[in-house]
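Secondary and tertiary structure notes
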Amino acid sequence: MEKQVVDGLREVFQSGRSRPLQYRKQQLRALLRLITERHADIEQALKQDLNRSMHGTSLFELIGIENDIKVAEREMTEWAAPRPVKKNLNSALDDVYVKPEPLGVVLIIGTWNYPWAMIFQPLVGAIAAGNAAVVKPSELSEHSSRLMKELLPLYLDKEMYQVVTGGVPETQELLKQRFDHIFYTGSSTVGKLVMEAASRHLTPVTLELGGKSPCYIDKNCDIAVACRRITWGKFANCGQTCIAPDYILCEPSIQDRIVEEIQKTLLEFYQTDPKSSPDYCRIINTRHFDRVLALMNECTIALGGENDRSQCYIAPTVLKDVLPHFKIMQEEIFGPLLPIVTVNGLSEAINFINAREKPLALYVFSSDKTVIKRMLKETTSGGVTVNDVLMHYTVDTLPFGGVGNSGMGRYHGKHTFDQLSHHRACLIKSFAMESLNDARYPPLTTARLRKAKFFMGHRMCSCNGMCVWAVIATVLAIGLLVGLLVVLI
């Protein structure tokens, strides 16, 4: 079944259907109609999957998708245009450029925590770049997966874009097929399996993974504002966000103040009972509930800790005096638990971060520019936000992606288009000025090598649309240089 789907898409892609930009724009407009016309259906599916409110769905998924579609439609012509590059003297009269081209058939494997955004944002780039695509939503967000399977063929060209649902067997069968790119969002463990499967066909991959994103709070900052922003980013979607602050690093002297400010913010956000708040989500299923709950075993609970397995509910929870060897510090939490690890100053915080895998995101709160500069200079991460959390994800001109164990490749806006395009190197040469090519032809001599080095080593501008006078001046200059070289030789 999966092979027939991929073969069918490849046949239609090779017909050239998606080459015209107008076709791609039509498909993007259709995708935007899906979002706007079926907004309520998507909200209902996410309410059933994650207990997410309609406002939360708009804020965390649909607004971003809509913006991505509009940006891609507006700027696609520029993105897809040939890109001039600088030339050397040897190619002064040639057309030299990079031409973005569709890769072919792309596989997009999404995840359950943001099931629409993690499929549709890469899909926007795949469509804009002119690819065919298979999308595989997560079976854990079953209502969203089922709805996506139903809706996509009603709006998009079903011969170019198809949805495959199911669990592990279906995903494994898909990964046996030859794709031209695989875009996977999920855990590092599964990411390794995806990369291994892709290697059999030498298929390039984009892996959007995760990890433990640290959050350093300097004592020289507005702690109340810092905690308000951290509380929002950590407990949104019940902590099930790949770039959520995973743990706090701070000096012992401000730990209690941080707990106090988070407590105030939780009361503001979710009132006295987060379980009854329309803005507080649930853990995706009981298996993940049990996993998250087990992470608290060694810890001292400063706030929260209440839970209800029948509803997959875990209250927003803050854990203090957490030690590095605790289980909670050995894996990504992906739930509403926020451990606080105390360190003796900035240098120890930097060493703590650098001793672990490179995170997908890094957060630092400080009013001291020296602290900020050191944290940026002496650590690495997929992305970084200073004095806030998550917000770098919302800027479509910034590349979003991991590094090392947190992933590879990047997307958002033009970055998605580039990631899912082949950048073809193009040189179109004239039959004129053949004498300039003598330097590369046998019999090779020292003089010819000197001539080749001169012409190949001098850069020119990247303008392919040179005016007539510029061309004449270039030709005259080249002729003069050749004459001088002959005299010298």
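Residues numbered from 1 in each chain as written. Predicted model: local features only at pLDDT ≥ 70, side-chain atom pairs only at ≥ 80, totals over all residues. Heavy atoms only, no water.

Per an unreviewed UniProt entry, the recorded name for the protein chain is Aldehyde dehydrogenase family 3 member A2, and the organism is Danio rerio.

1. Examining the packing of helix α3 (residues 39-50) against helix α4 (residues 54-80)
To keep it simple, the criterion reads: Axis lines are fitted through C-alpha atoms, for helices just across the contact stretch, and the angle between N-to-C directions can take any value from 0 to 180 degrees. Per the convention used, a helix needs a DSSP run of H or I reaching at least four residues, while a strand needs a run of E reaching at least two, with both numbered from the N terminus. When describing relative orientation, an angle under 35 degrees is termed roughly parallel and one over 145 degrees roughly antiparallel, while 65 to 115 degrees is termed roughly perpendicular and anything else oblique. Definitions for this section: a left-handed crossing has its near helix turned counterclockwise from the far helix by less than a right angle. A right-handed crossing has that turn clockwise. Between two residues, a contact is recorded if the distance between any of their heavy atoms is within 4.5 Å. Each residue gets one of three labels, nonpolar for Ala, Val, Leu, Ile, Met, Phe, Trp, Tyr, Cys and Pro, charged for Asp, Glu, Lys and Arg, and polar for the others, Gly among them.
The interhelical angle for the contact between α3 and α4, taken along N-to-C directions, is 125 degrees, at an axis separation of 10 Å. Taken together, the axes of α3 and α4 are oblique relative to one another. α3 and α4 meet at a crossing whose hand is right-handed. Judged by residue contacts, His-39, Ile-42, Glu-43 and Leu-46 of α3 engage Met-54, Thr-57, Ser-58, Glu-61, Leu-62 and Glu-66 from α4. Taken together, the residues that form the contact of α3 with α4 break down as four nonpolar, three polar and three charged.

2. Considering the packing of aromatic side chains
Counted only if it meets this: When two rings of Phe, Tyr or Trp (its six-membered ring) have centres within 6.5 Å they constitute a pair, described as stacked for plane angles under 30 degrees, edge-to-face for angles over 60, and tilted for the intermediate range. A 1.4 Å probe rolled over the protein chains alone gives each residue an accessible area, and that area as a share of the maximum for its type sets the label: buried under 20%, exposed over 50%, partly exposed in between. Two conditions define a charge sitting above a ring: the NZ of Lys or the CZ of Arg must be within 6 Å of the ring centre, and it must be within 35 degrees of the ring normal.
Applying the stated rule across the entire model yields twelve aromatic pairs. Centroid distance Phe-60 to Tyr-114: 6.4 Å. Interplanar angle 40 degrees. Geometry classified as tilted. Of this pair, Phe-60 sits in helix α4 while Tyr-114 sits in the loop between β3 (105-109) and α5 (117-128), placing them 54 residues apart in sequence. Judged by its relative accessible area of 8%, Tyr-114 is buried. Residues Phe-269 and Tyr-270 carry aromatic rings whose centres are separated by 6.1 Å and whose planes lie at 85 degrees to one another, so their mutual orientation is edge-to-face. A relative accessible area of 6% places Tyr-270 in the buried class. Each member of the aromatic cluster is reached from another via a ring pair, and the members are Phe-183, Tyr-393, Phe-400 and Tyr-411. In this structure, Arg-356 is placed above the aromatic ring of Phe-352, and the distance from its NZ or CZ to the ring centre is 3.6 Å.

3. Points about the pattern of salt bridges
Heads up, the condition is: Salt-bridge detection follows one rule: a side-chain nitrogen of Lys or Arg within 4 Å of a carboxyl oxygen of Asp or Glu.
Enumeration over the complete set of coordinates arrives at 25 salt bridges. For Asp-290, the salt bridge identified is with Arg-309, shortest N-O distance 2.8 Å. With a gap of 19 residues between them, Asp-290 in helix α11 (residues 286-294) and Arg-309 in the loop between β11 (307-308) and β12 (313-314) connect regions that are remote in the sequence. Its relative accessible area of 33% is what places Asp-290 among the partly exposed residues. A salt bridge links Asp-418 to Lys-414; the shortest N-O distance between them is 2.8 Å. Residue Asp-418 and its partner Lys-414 are located together in helix α14 (residues 414-419), separated by four residues, close to a single helical turn.

4. Overview of the side chain of Glu-251
By the element assignment, Glu-251 lies in the loop between β9 (247-250) and α10 (255-270). In contact with Glu-251, not counting residues within four places along its chain, are Tyr-216, Lys-219, Val-343 and Gly-345.

5. Things to note about helix α2 (residues 21-37)
Rules: Residue count minus one, scaled by 1.5 Å, sets the expected span of a helix.
Across its 17 residues, α2 extends 24 Å between first and last C-alpha, which sits within 8% of the 24 Å expected from 1.5 Å per residue. Taken together, the buried positions of α2 are Tyr-23, Arg-24, Lys-25, Gln-27, Leu-28, Ala-30, Leu-31, Leu-32, Leu-34 and Ile-35.

6. Description of the environment of Gly-166
Among the secondary structure elements, Gly-166 is positioned in the loop between β5 (161-163) and α7 (168-175). Spatially, the C-alpha atom of Gly-166 lies 8.1 Å from that of Lys-136, the residues being 30 residues apart in sequence. Residues in contact with Gly-166, not counting those within four places in the same chain, are Lys-136 and Glu-139.

7. With respect to the sheet that holds strand β17 (residues 407-408)
We count it as follows: Should DSSP find at least two bridges between two strands, the strands are taken to pair.
Reading across the sheet, the six strands line up as β5-β4-β3-β6-β7-β17 and stay open at both edges, with mixed pairing between neighbours. In this open sheet, the two edge strands, each paired with only one partner strand, are β5 and β17.

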